[in-house]
Amino acid sequence: MNFSTVRNFITRWCAGEENWVDTRTVYIGHKEPPPGSEAYIPQKYPDNRIVSSKYTFWNFVPKNLFEQFRRIANFYFLIIFLVQLIIDTPTSPVTSGLPLFFVITVTAIKQGYEDWLRHKADKAINQCPVNVIQEGKVIKKQSRKLRVGDVVLMKEDETFPCDLILLSTSREEGTCFVTTASLDGESSHKTYYSVQDTRPFTTEEDFDTLLASIECEQPQPDLYRFVGRINIYSDRNEPIARPLGSENLLLRGATLKNTEHVYAVAIYTGMETKMALNYQSKSQKRSAVEKSMNAYLVVYLCILIGKALINTVLKYVWQADPDRDEPFYNQKTDTERQRHILIRAFTDFLAFMVLFNYIIPVSMYVTVEMQKFLGSYFIMWDDEMFDEELGERAQVNTSDLNEELGQVEYVFTDKTGTLTENNMEFIECCVDGHVYIPDVICNGQVLPGATSMDMIDSSPGPGGKETEELFFRALCLCHTVQVKEEEVVDGLKMDLHQGRPTSFYISSSPDEVALVEGMKRLGFTYLRLKDSQMEILNRENEVERFELLEVLTFDSVRRRMSVIVRSNTGDLYLFCKGADSSIFPRVVSGKVEQIKARVEHNAVEGLRTLCVAYRKLSVEQYEETCHLLNSAKLALQDRDKKLSEAYDLIEKDFILLGATAVEDRLQDKAADTIESLHKAGMKVWVLTGDKMETAAATCYASKLFRRSTQILELTTKRTEEQSLHEVLFELSRTVLRQQGTMTRDTFSGLSADCVDYGLIIDGATLSAVLKPSQGHSNQGNYKEIFLEICRNCSAVLCCRMAPLQKAQIVKMIKASPEHPITLAIGDGANDVSMILEAHVGIGIMGKEGRQAARNSDYAIPKFKHLKKILLVHGHYYYIRISELVQYFFYKNVAFIFPQFLYQFFCGFSQQPLYDTAYLTLYNISFTSLPILLFSLIEQHINMDILKKDPSLYRDIAKNSLLRWPIFIYWTCLGLFDAVVFFFGAYFLFYNTTFTSNGQLMTTNTQMMFGNWTFGTLVFTVLVFTVTLKLALDTHYWTWINHFVIWGSLLFFVIFSLLWGGIIWPFLNYQRMYYVFMQMLSSGPAWLGIILLIVTSLLPDVVKKVVSRALWPTTTERIQDADKLYNGQLSEFTPLSSLHTPTRHRAGPQEPNRRSEPLAKKLMFTHWRDRHDYCTFTPLLRFADSTQHYGAGYAYNGAGPETSV
């Protein structure tokens, strides 16, 4: 089969044509089927070679060049370089070609090295030896030589080389344990099942006699979906057909665990494996800073074109006078003089474009890329974001969004495993209205000797014991937990209990393990599954056996799972457990009201609840059930749909047994982190699939909602009482009532004198809200009204969310009129869609797998690390790159504007002001390192202060340092400096005189009078000024700063001395010979240089001093205070007085503050009156001691925020 078929299938599948299915037939061991059974059609499949590299030896150069020149900046400089080669331009092609060559070469080397590493990894994988069964013998093959249909022997701890169908295992029950950490990060053991009819094949000789074929779907990238059928041929005419599903498919990259060996057949190989099909690259995300850079680039490009046009027009105006035409010594030929004036004008225009093109900073893109790449290591090296429990550090999957971490306005977070630990502990169960709590008795009193089980209500009544035991048995049977009894589990030696190995429960779901362990504490112990027999040890220490007949697996749509078992007495039971919303509608009897009340009580307490029900089956009903399931399982088309329909018909008419409650604790410092995000001006939304009551309790515990928060509900329950139209408009009127006196961002500030709204919405209502309008006049635009309500709430809880709905919520906020920067954080595969949708996606290395971490832009071990990665790293990255971008445009304006002014004094002859070496090395060598280092290590405020005063994050919100007024200020500063450089030097050259030897000298400074001396003087002042400007902006000085800044200036001086002091043999002419040394030999020239530097820097210094004295920002106040306290401000100083003063709102007097001991304990509470506390004592906190309102310090402070 060729790749186009695969590509077409994937395209159709991704486009949503789920009904379109193509199949393949695989012959196990490459054996033809018996004659007459079916036509043998050999098919061609790719080999097992994996190719993750991007380039080959032959296509690297053209392909890499093509990709690099797709960038507008590189393409622009390529055009300029070609123009310099084609026409007679005032500067050498080297001046544009060398920087461009440097940029292209550095990028190519980086990308080539990364691809070489991929080639190396591919080679190691492709040459890995694999045991293959051929003609009853085991032979070794390289992995790349595997073919579809090969039978392979895999041993414990080996990684599967391709996608395989499990045929038999060394375990009696035909199962094996697998970890898929390299695929989805889940380190828990998953159970896979061999085909029932191939389990007896346990030796190489047995497989030599196996005649079978497999029909299955063509390759598709869904890791959790597989549809197939195996046909086993025997002496009978008709083959035996068995269904194959994802539970039979061993994926490439997964590892065999705690199973001695397995036999399996290759079904997908090479680039058709599911792992290879998931190599798709994520969509490119662009930061707000990059968009600002591109906008500035367009402005400067317009300035460049404007300069070239002005000079071209003025040149021909100047030359209109015959006396001012170009002189004879310019060697212009008659042919050139006789060319059409438009052609000459266009040529001159291109020449001026080349002359002024250095205003576009090509090296800025290289510097930005290096800053992002090197800066990302500071996140990975941060010891405070290292988790000892997991042994993991923060990871950076893309460095393009570092500065976006400092611009986040909305945070969308998952609940389970993100805000909570996903570490389940069984708390209680309720059976027929009677509550059972391990180790607790009546009235909640703990008995001194209580061990196994005590009941709050010890008299369940007649028949109660039978129902109670049936409930316990249901939980011991309805699960997919496996028991491990060996002393060593996954390489870790476990404790021995009374000389016997201890049993350990293994499951991909922590909920199931918690429930089975809870039943063990309540007297019923699940022992094992052997030969389809599930064994239970009851309270009387008797072993009960149940035959496992069918498993109706859990899925996120049904939200339940079921098993069908046969007891020793021959009774058939269907046990089901699942979410209350999926169980209660299917119940026909039982104490529904009592159990529902207990479920709601536990949900309010923040516990995860499941309901348990059962149904007795007759033999006829069981046979009908088997027929339904087998028909659905054998289908190759729409198998999932048919299985869902079959499950729906089977899982009904239940008798309710009871419910369970499991606790999932909050992660460490989750509440503190959310509180800090609120104070930083961010709005936090929780998007979860849990029920409303459980999620709301978690939101209160994590301080997302406070006791003073007014909760607004937009749920199915409310919309049943009122129409959706009425509910939406009522909520809209409620929240917008405050809009006349408050701004939207006020709510993020959590001020005590404001009404704080929180919204709760469920998935069903969200679908109704987002549904397109049907055109009814009274319906209106629900989406816009809903968005307006959400933007005026400080926190939003979305419960019962499907993964796609999470992404829809993020997309809706991204598309809102303000276009806020969004961040999504989660830990499971169901969070991947919103992580990819948000501007910044962060994955948590949790227990639900690593799919979220693999698909994210950044991965952190715990939710608490979000605080530092945003408030510290994000803040620093944004400050640094903002200065870098503005500084690059500033220094290039100061560099090229004197060249523009010079044309007015040289007859618009396109004469360059600077030497070729200076033009080439200005951005590459003389001024590049200081700004690169600044953008890597600058800390304008102490790190501890940023962590303890989250409100400082507001000072940089909404791209405040790259707004147009600040950009215009930097540009004007560059123009002013350029004017000072040029006319200051012009004044020094104003008077000239001849010396005795005929040289023309300046009267004032006694320098040789010439254009290269003049240009060198301007360039010297330029280099010193722009470097010292950066030094003045630097707050965090280290020896590296001193070395780089002063070293760059020293390098310029040494280079100029060598460049003009030696006769270089490779140069045709040496116009700079002795120019720099002769200039420095003049004492007045030294004074002139110093005066020009001081004059250039003076306005910026005066502006900063006046602004800092009269209208200081919060950042500047803290900088001054930190200098006063010698960098110890964060330890000893109360900073509430350092915030920019804000106007008070009239309102009731603030209640007295609590004493300091109580304030220290505030981190453990969430129902206090005040909302602007940090989790530190008053001496250490930085919240303003007065009440605030409005959008925060960044918006209420007086004076522009131009300082960095």
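As recorded in an unreviewed UniProt entry, the protein chain goes by the name Phospholipid-transporting ATPase, listed as coming from Umbra pygmaea. Quoted verbatim from the Cofactor (unreviewed entry) field of the UniProt record, the comment on the protein chain reads "Mg(2+)". Of the protein chain, the UniProt comment under Sequence similarities (unreviewed entry) reads exactly: "Belongs to the cation transport ATPase (P-type) (TC 3.A.3) family. Type IV subfamily."

Counting residues in each nonpolar core, the largest one holds 92 residues, and the members touching the most others are Met364, Val885, Phe895, Tyr914, Phe1019 and Leu1022. Considering every element that reaches this core, the biggest residue donor is helix 28 (residues 865–902), with 17 residues. If you look at the next biggest cluster of nonpolar residues, it comprises 40 residues, including Leu419, Cys799, Ile825 and Ile860.

Let us look at the sheet that holds strand 9 (residues 228–232). Here we have 4 strands laid out as an open sheet, ordered 1-8-9-10, and antiparallel in their pairing. Here the strands that pair on one side only, and so sit at the sheet edges, are strand 1 (23–27) and strand 10 (240–244). Adjacent strand axes in the sheet meet at a mean angle of 20°, parallel and antiparallel pairs treated alike. Bridge analysis of strand 8 (residues 212–217) against strand 9 gives 5 bridges, and the strand direction is antiparallel. In the sheet register, Glu215 faces strand 9, and the bridge partner there is Arg229.

The 6 strands lie next to each other as 3-2-4-13-5-11, forming an open sheet whose pairing is antiparallel. In this open sheet, the two edge strands, each paired with only one partner strand, are strand 3 (137–142) and strand 11 (249–250). Bridge count between strand 4 (residues 151–155) and strand 13 (residues 261–268): 5 bridges; the pairing is antiparallel. Following the sheet pairing, Lys155 is matched in strand 13 by His261.

This part is about unusual backbone geometry. Not every positive phi belongs to a glycine, and Asn541 is a case in point at roughly 60°. With respect to the helices and strands, Asn541 occurs in the loop between strand 26 (533–537) and strand 27 (543–555). Asn541 gets classed as exposed once you look at its relative accessible area, which sits at 60%. Of note in this structure, Lys669 is not a glycine but carries a positive phi near 60°.

So, about the packing of helix 8 (residues 288–318) against helix 32 (residues 964–988). Axis separation between helix 8 and helix 32 bottoms out at 12 Å; the angle between their running directions is 45°. One element, helix 8, and the other, helix 32, form an angle in the oblique class. Between helix 8 and helix 32 the crossing geometry is right-handed. In contact with Ala295, Tyr296, Val299 and Tyr300 of helix 8, helix 32 contributes Trp964, Phe967 and Thr971. Of the residues assigned to the contact of helix 8 with helix 32, the class counts are 6 nonpolar, 1 polar and no charged.

Moving on, we get to the packing of aromatic side chains. Taken as a whole, this structure holds 57 aromatic pairs when the rule is applied. Measuring from centroid to centroid gives 5.9 Å for Phe201 and Phe207, while their planes differ by 40°, and the two rings are tilted. Accessibility assignment for this pair places Phe201 and Phe207 in one class, buried. Ring centres of Tyr918 and Phe1052 lie 5.9 Å apart, and the angle between their planes is 50°; on these two criteria the pair is classed as tilted. Linking Tyr918 in helix 29 (residues 916–926) with Phe1052 in helix 34 (residues 1039–1061), this pair joins segments that are 134 residues apart in sequence.

Moving on to the pairing of strand 3. Relative to strand 3, strand 2 (residues 129–134) is paired through 6 bridges, and the arrangement is antiparallel. Of the residues in strand 3, the one forming a bridge with Ile133 is Val138. The loop that links strand 2 with its antiparallel partner strand 3 comprises 2 residues; one of these, Glu135, has a positive phi angle of about 55°.

Here we come to the packing of helix 12 (residues 464–477) against helix 13 (residues 510–521). Look at helix 12 against helix 13: their axes get within 9 Å of each other, and the N-to-C directions meet at 140°. When the axes of helix 12 and helix 13 are compared, the pair comes out oblique. Between helix 12 and helix 13 lies a crossing of left-handed hand. Residues Phe472, Leu475 and Cys476 of helix 12 lie in contact with helix 13, whose contacting residues are Leu515, Val516 and Met519.

In this section: the side chain of His873. Here His873 shows up in helix 28. For His873, a relative accessible area of 9% corresponds to the buried category. A distance of 2.7 Å separates polar atoms of two side chains, one belonging to His873 and the other to Asp382.

Turning our attention to the side chain of Asp382. Mapped onto the elements of the fold, Asp382 is located in the loop between helix 11 (362–380) and strand 14 (395–396). Reaching out from Asp382, the side chain makes a polar contact with the side chain of Lys868 at a distance of 2.9 Å. When residues no more than four places from it in sequence are discounted, the contact partners of Asp382 are Arg393, Lys868 and His873.

Turning our eyes to something else, we now look at the pairing of strand 15 (residues 410–413). The alternating pattern of strand 15 places Tyr410 and Phe412 on one face and Val411 and Thr413 on the opposite face, and all of these are buried. Sheet topology note: the strand 15/strand 33 (residues 683–687) ladder contains 4 bridges and is parallel. Along strand 33, the bridge assignment pairs Thr413 with Val686. Looking at chain direction, strand 15 and strand 37 (residues 822–826) are connected through 4 bridges and run parallel. Looking at strand 37, one finds that Tyr410 is bridged to Thr822.

It is worth spelling out the pattern of salt bridges at this point. On inspection of all chains with the given rule, the structure shows 39 salt bridges. For Glu837, the salt bridge is made with Lys814, and the minimal N-O distance between the two is 3.3 Å. Here Glu837 is found in helix 26 (residues 832–837), whereas its partner Lys814 is found in helix 25 (residues 803–814), with 23 residues between them in sequence. One continuous salt-bridge network, built from bridges that share partners, spans Asp382, Glu384, Lys868, Asp944 and Lys947.

As a further point, take helix 13. Here helix 13 spans 17 Å end to end across 12 residues, near enough to the 16 Å set by a 1.5 Å rise per residue. Along helix 13, the residues classified as buried are Asp511, Glu512, Val513, Ala514, Leu515, Val516, Gly518 and Met519. Once helix 13 finishes, Gly523 follows within two positions and takes phi at roughly 110°, a positive value.

Attention now moves to the state of the cysteines. Taken as a whole and assessed by the stated rule, the structure comprises 0 disulfides. No disulfide involves Cys430; its nearest neighbouring cysteine sulfur is the one of Cys429, lying 7.9 Å away. Here Cys790 is not cross-linked by a disulfide; its sulfur's nearest cysteine counterpart is in Cys793, at 6.4 Å. Take Cys790: its relative accessible area is 0%, and that puts it in the buried class.

Reading the values: the criteria
Residues numbered from 1 in each chain as written. Predicted model: local features only at pLDDT ≥ 70, side-chain atom pairs only at ≥ 80, totals over all residues. Heavy atoms only, no water. UniProt positions renumbered as here; feature names shortened; annotations may be inferred. Core = buried A, V, L, I, M, F, W, Y, C linked by side-chain atoms within 4.5 Å. Buried < 20%, exposed > 50% of the residue type's maximum accessible area, 1.4 Å probe, protein only. Helix = DSSP H or I, 4+ residues; strand = E, 2+ residues; numbered from the N terminus. Pairing = 2+ DSSP bridges. Axes fitted to C-alpha atoms, helices over the stretch in contact; angles between N-to-C directions. Parallel < 35°, antiparallel > 145°, perpendicular 65-115°, else oblique. Left-handed = near helix turned anticlockwise from the far one by under 90°. Contact = heavy atoms within 4.5 Å. Nonpolar A, V, L, I, M, F, W, Y, C, P; charged D, E, K, R; others polar. Phe/Tyr/Trp six-rings, centres within 6.5 Å; stacked < 30°, edge-to-face > 60°. Polar contact = N/O pair within 3.5 Å; in protein donor to acceptor, adjacent residues only side chain to side chain. Salt bridge = Lys/Arg side-chain N within 4 Å of Asp/Glu carboxyl O. Expected span 1.5 Å × (residues − 1). Disulfide = S-S within 2.5 Å.

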